[in-house]
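# Summary of structural features
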Amino acid sequence: MSIDLNGLLRAEIAKMEEISALPEWREQEQAWAEYWDHLQELPEDVRPLAGYECCRRAQTVGTSGFHGFGRSEDVPFSFCGWADYEYRPGRSTQGVGFRINRACFGGRDAELYYTDDDMFCKPDSSEGVPDWIMTMAEQIRACSSGLADVRLAEEREEKDFLFRGRWHSPALVRSFRFRLDPKQIRETVLLGGKAVETDRLGGYVFVLPRAGEFFCELGEIVDGKRVPLHIDDFCMK
């Protein structure tokens, strides 16, 4: 007997809406934790679609340097290791690797993004794009797997806006935007000083070439607006 995946997904979304409507955040937190356990019991074809819908309502979170591999890979973005870039024999600079699950986007040509709080500036700023941001774009293209059309975008948030679930002052928000392309999948990426075969990670890996202390957000651009799906923070010295 075939499974009505669309009907099943609609039923799961209804459950998520019920959780989102709970009046107390502690109730929501507990309900989401229970839902993630339930997610593993769904048919394989619907899990990544349900994982995406979960993250639209309650983003996956990494915090304070504690970044495990997560309770589920059926989410759009998940930490997959400390990525090496500017590699030279015997020495490399480490950033962050994020696994991207393409199945979460239901076959559509999704426009994805990365941004962090160091990429913001005053909304009326006339300064050009800093060199370090342009260098990051080049390194993302060179070190990531399965990414295409990597480019810098700018948008002015004239009113207080949400970033990582919190309100921030008006700003010029810069982000790296990109799409997924199987033709750009590399055989390996460098994680923790080792060449890791990308097929172990689903092929698509976003390499973030930076260190330091920063808050960041990854998600999808829908109708020209950011839809955050994963939020994180790092303290890398």
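An account of the accompanying structure is given in this report.

Rules used throughout
- Residues numbered from 1 in each chain as written.
- Predicted model: local features only at pLDDT ≥ 70, side-chain atom pairs only at ≥ 80, totals over all residues.
- Heavy atoms only, no water.
- Buried < 20%, exposed > 50% of the residue type's maximum accessible area, 1.4 Å probe, protein only.
- Helix = DSSP H or I, 4+ residues; strand = E, 2+ residues; numbered from the N terminus.
- Pairing = 2+ DSSP bridges.
- Contact = heavy atoms within 4.5 Å.

The side chains of a regular strand alternate, residue by residue, between the two faces of the sheet. Of all the 6 residues making up strand β6 (residues 111–116), 6 are buried; the element is thus mostly covered by neighbouring parts of the structure. Alternating positions in β6 separate into two faces, Glu111, Tyr113 and Thr115 on one and Leu112, Tyr114 and Asp116 on the other, with burial throughout. With 6 bridges joining them, β6 and strand β15 (residues 212–222) adopt antiparallel strand pairing. Looking across to β15, one finds that Glu111 is bridged to Ile221.

With that settled, the discussion passes to unusual backbone geometry. Despite not being glycine, Asp149 has its phi angle at roughly 55°, a positive value. Unlike most non-glycine residues, Asp223 shows phi in positive territory, near 55°. If you trace the backbone, Asp223 turns up in the loop between β15 and β16 (225–236). On the basis of relative accessibility, which here comes to 78%, the residue Asp223 falls in the exposed class.

Bringing the environment of Phe215 into the picture now. Positionally, Phe215 belongs in strand β15. On the basis of relative accessible area, Phe215 is assigned to the partly exposed category, the value being 37%. Put simply, Phe215 and Glu127 are 88 residues apart on the chain and 22 Å apart in space, counted from C-alpha to C-alpha. Contacts of Phe215, omitting those with residues within four sequence positions, involve Thr115, Asp116, Asp117, Phe163, Arg164, Asp232 and Asp233.

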